[in-house]
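Examination of the molecular architecture
Now for the letters of each chain:
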Amino acid sequence: MSQQLHQNLLQCLTDRAIWEQRQRVWYQMRHDGLRRRNKPFPAAADLHFPLVDTVIEKLKPFYFNQLFNDELLAEFVSLQDQVKDAGDAAAEWMDYKLKQETDLEEEVLSMTDTMLLRGRGILKFYWHADGPQGRLVFESVDPLFIIMPRRAVGFDTTDFFAHIKQLTIGEFRRGPYMQDEALLQMIRGNIEDADAGQNEQERAVREGLTYSNDPDTVIVWEAYEKTSEGWRVRTYSPRKPDVDLRPAHGLPLKFQGKPFLPFVSFVAEVKDKGWYSPRGIAERLGAFEKSLCALWNQKHDTMTFYNKPLFTSGTEIKNTANLRFLPGEILPPGVQPVEMPQPPISFDQEMLNTRAVAEQSIMMPDFGLGDSRAGGKDPKTATEVDYIRSLSATGVDLKGKLFKKAFAKVLRGAWAMLIQHAKDSLTYYSAQSRKVLPLQALHDNYLIAPDASPDQWNRQWKLQRAVGRFQLLKGHPNVDQEELVKSVLAAEDARLVNKLFIPTNARAASEMEDEAVEITLLLGGYPAAVQPGENHELRIRVLLGKLQQLAALGEPVDPIALQRMQQHLALHLQFLAEQNPALAKQITAGLKAVAKAAGLDDGAPVPGGPRVMEEAA
């Protein structure tokens, strides 16, 4: 790190001045609107049509649901031999850590909003030594506070960059910075720098970036420079660039042996290369919003004239101050209202057409499916709607894939930090139960990717596809039926997977235990109800096992108990025949064969199970 690095960063600020000014215009356009420069009359309308803000608010849920609308954040595929469920446990543990112990969801929303407005959003993550164990922190960073060379493409390819941090005096004192009160007084806001030359001040001093007018604010730069040993970080104030606020250090963060930066960039579009190349919604729709504002203002100007009647008279009117234009009043002779012509265009229709073109240009997920054709005469046909939906789905899927590709870097970095710093906190909660992550799952030899599918934004469409898939593949021998059922539950609500789904093994064990209790009741002479939704095949096998045990032991069974078991077995066979006739027929044939092998053809009274099997058959 040297003085040359600081000079390079200052030059980067100068090079991006035009981009920076444009970003301020887009911010003002979205939040305050661009005011009319010349009003046609003093009381003319000055309205702001919020096209950019409306589109951004529509798109934010689409991006958010790409990541958080499924059961888990990530899917783990182990690249080494381990217990089968260890990867699933790792995914559940990280999901619990990120959702319950960090503010990831809020920061992703903030980052998405910035990405849509400016064209690029940045998510920073780091381990904060807060408390005995510390915590993982996510931070959405505005691109205005990232100094990047003009020709840089991204964090991984640039030679240097800097993160501008605006800290309060309290945050500075609590942080890992040099606690020198004299130095703090020199670098805090609203302090004149007598040592700086006039030219340097004009070039470098910018409110919020190198200098602040707020005396409670300290501007700190984290400068990253790529060296032969890896990334090197220097922290200093642009007011005193020759003083390190904390010792220079490297970045020991690695995933699968490769170093990584704690910054991930998300872009709203991919076009020509360059850090300042992606355009945000405001830049792409700025002309449309200006047009809509002009149309809206002209409409209200027209209403101002047309809704206030004008009068004319063919004769001279004396004492015009005594005239009163009120309901029921009689006007002087010769006074007539002026008939205003119809507006030359339909303002409302023109505004609808402009808005439709704007939304089409950025491939809104729900664009145009219910709109009419230009002119508002004919509705769209079903074929047109299908084509529009297909085209829109293609663009939507592309946006989702690009967004998730960047988020995969966040997941890999978060996992690397967790296995490095959170080894003593392996307890987590999943499916309303307390679990512990196995130690063998704490490694970084995984393929980690977001678990959500590209159509997560459209819950209804996703549910329809899941139900159709379930109906098509139900009972298919080559399809995992448990995962098929899970997909339907997750399509409606990911939480239902934990609340409603019972694994086959767990359900089988529960039904076997329940049938054993019913057998105890039957042997005592008490009836036991048979429910249609039970696993009749499994329960029949449990009954047969008990009957064979009784026959082998030769224990006498009460006749009433035999009758109860016979009726109970017959009901299970009846329900099984309704669900699976072939299987019921097979089991019935087996029962007859067992009875014949036991020598019961003549109906001799044999105590125990074989008599019951014969009668049931």
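Residues numbered from 1 in each chain as written. Predicted model: local features only at pLDDT ≥ 70, side-chain atom pairs only at ≥ 80, totals over all residues. Heavy atoms only, no water.

Points about the overall build of the chain
Note the threshold: The numbering of helices and of strands both runs from the N terminus, where a helix is a DSSP run of H or I of at least 4 residues and a strand a run of E of at least 2. Accessible area is worked out with a 1.4 Å probe on protein chains only. A residue is then buried under 20% of its type maximum, exposed over 50%, and partly exposed in between. In this description, contact between two residues means that some pair of their heavy atoms is separated by no more than 4.5 Å. The protein chains shown are the only cover counted for residues, whose accessible areas, like all others here, come from Shrake-Rupley with a 1.4 Å probe.
Helix and strand counts for the chain come out as 19 helices and 16 strands. Counting over 617 residues, the chain shows a buried share of 41%. Pairs at least 24 apart in sequence give 70% of the contacts found in the chain among residues at least 6 apart. Surface exposure of the chain reaches about 33800 Å², of which carbon and sulfur atoms provide 52%.

Brief notes about the packing of aromatic side chains
Keep this limit in mind: Working definition: rings of Phe, Tyr and Trp (its six-membered ring) pair if their centres are within 6.5 Å, and the pair is stacked with planes under 30 degrees apart, edge-to-face with planes over 60 apart, and tilted otherwise.
Scanning the model with the defined rule gives 24 aromatic pairs in all. With a centroid separation of 5.7 Å and an interplanar angle of 85°, the aromatic rings of W93 and W415 are classed as edge-to-face. Of this pair, W93 sits in helix α4 (residues 86-101) while W415 is found in helix α11 (residues 382-421), placing the two residues 322 residues apart along the sequence. Grouping residues by exposure puts W93 and W415 together as buried.

Digging into the sheet that holds strand β2 (residues 120-128)
Sheets are built from strands that pair by backbone hydrogen bonding, the pairs being arranged parallel or antiparallel. Basically, it comes down to this: Strands pair, by our definition, only if DSSP identifies at least two bridges between them. Where helices are involved, their axes are fitted lines through C-alpha atoms of the stretch in contact, as for all axes, and angles between N-to-C directions lie from 0 to 180°.
What the 3 strands build is an open sheet, ordered β3-β2-β11; its pairing is antiparallel. Looking along the sheet, the strands with just one partner apiece sit at the ends: β3 (135-141) and β11 (263-267). Adjacent strand axes in the sheet meet at a mean angle of 20°, parallel and antiparallel pairs treated alike. Here 5 bridges tie β2 to β11, and the two strands are oriented antiparallel to one another.

A closer look at the pairing of β2
Pairing of β2 with β3 involves 7 bridges; the strand directions are antiparallel. Residue pairing across strands places K124 opposite E139, the latter belonging to β3.

Here we look at unusual backbone geometry
A positive phi angle, near 55°, is found at Q256, a position not held by glycine. Among the secondary structure elements, Q256 is positioned in the loop between β9 (254-255) and β10 (258-259).

Brief notes about the pattern of salt bridges
Here is the rule we go by: By definition here, a salt bridge exists when the distance from a side-chain nitrogen of Lys or Arg to a carboxyl oxygen of Asp or Glu is within 4 Å.
Applying the stated rule across the entire model yields 30 salt bridges. Linking R173 and E181 is a salt bridge whose minimum nitrogen-to-oxygen distance equals 2.9 Å. Each of R30, D53, E57, K60 and D113 takes part in salt bridges that share partners, so that together they form one network.

Quick word on the environment of L521
Within the secondary structure, L521 sits in helix α15 (residues 504-523). Separated by 43 residues in sequence, L521 and R564 have C-alpha atoms that sit 9.3 Å apart.

Observations concerning the side chain of T112
The condition that has to hold: Contacts described as polar in this section are N or O atom pairs within 3.5 Å, which, within protein, must combine one atom able to donate a hydrogen with one able to accept it, while residues neighboring in sequence count only if both atoms come from side chains.
Within the secondary structure, T112 is located in helix α5 (residues 104-118). Polar side-chain contacts of T112 include one of 2.7 Å to the backbone oxygen of V108. Excluding anything up to four places from it in sequence, T112 contacts K60, Y63 and F403.

Some words on a nonpolar patch on the surface
Quick note on the threshold: Exposure above 30% relative accessible area and the lack of any salt bridge qualify a residue for a patch; like charges then connect within 9 Å, and the nonpolar side chains Val, Leu, Ile, Met, Phe, Trp and Tyr within 5 Å.
Residues F305, Y306, L310, V338 and M340 make up a contiguous nonpolar surface patch of roughly 420 Å² in combined accessible area. One can find V338 in the loop between β13 (335-337) and α10 (347-361).

Brief notes about the packing of helix α9 (residues 281-306) against α10
For the record, the criterion: Angles are sorted into four bins: roughly parallel if under 35 degrees, roughly antiparallel if over 145, roughly perpendicular if 65 to 115, and oblique for all others. Here the term charged refers only to Asp, Glu, Lys and Arg, the term nonpolar to Ala, Val, Leu, Ile, Met, Phe, Trp, Tyr, Cys and Pro, and the term polar to all other amino acids, Gly among them.
Where α9 contacts α10, the axes come no closer than 10 Å and their chain directions differ by 170°. As summarised for this structure, α9 and α10 are arranged roughly antiparallel, according to the angle between their axes. Between α9 and α10, the contacting residues are R284, L285, F288, S291, L292, L295, W296, Q298, K299 and T302 on the first element and F347, D348, E350, M351, T354, R355, V357, A358 and S361 on the second. Across the contact of α9 with α10, the residue classes break down as 9 nonpolar, 5 polar and 5 charged.

Regarding the nonpolar core
Our working rule: Only buried residues count toward a nonpolar core. Its members are Ala, Val, Leu, Ile, Met, Phe, Trp, Tyr and Cys residues joined through side-chain atoms within 4.5 Å.
Of all hydrophobic cores here, the largest spans 71 residues; its most connected members are L98, F266 and W415. A per-element tally of this core places α11 first, with 12 residues. If sequence neighbours within four positions are ignored, F266 has contacts with M111, M115, G119, R120, G121, L123, F403, A406, F407 and V410.

Thoughts on the sheet that holds strand β4 (residues 146-147)
One open sheet accounts for 5 strands, arranged β4-β5-β6-β7-β8; its pairing is antiparallel. One side of each edge strand has no neighbouring strand; the edge strands of this open sheet are β4 and β8 (240-250). Across 7 bridges, the pairing between strand β6 (residues 217-227) and strand β7 (residues 230-237) is antiparallel. Pairing of K226 across the sheet is with W231, part of β7. This element, helix α1 (residues 3-15), spans β4, β5 (160-168), β6, β7 and β8 of the sheet and lies at about 110° to β6.

As for α10
The line we're drawing: The span you would expect from a helix comes to 1.5 Å times its residue count less one. The reported arc concerns the directions from the helix axis to the C-beta atoms and nothing else.
Spanning 15 residues, α10 covers 21 Å between terminal C-alpha atoms, matching the ideal 21 Å at 1.5 Å per step. Burial in α10 covers these residues: F347, M351, T354, A358 and E359. For α10, the angular spread of buried residues about the axis comes to 130°, placing them on one side. Residues of α10 that are buried sit in contact with α3 (51-68) and α9.

Some remarks on the confidence of the model for the chain
Put simply, the rule is: The pLDDT score gives, residue by residue, the confidence of the prediction method on a 0 to 100 scale.
Across the chain, pLDDT averages 82, with 84% of residues at or above 70. Confidence over residues 367-377 falls short of pLDDT 50; this stretch has 20 contacts with residues more than four positions distant or in other chains. In this model residues 598-617 is a low-confidence stretch, pLDDT under 50, and it forms 36 contacts with partners more than four residues away in sequence or in other chains.

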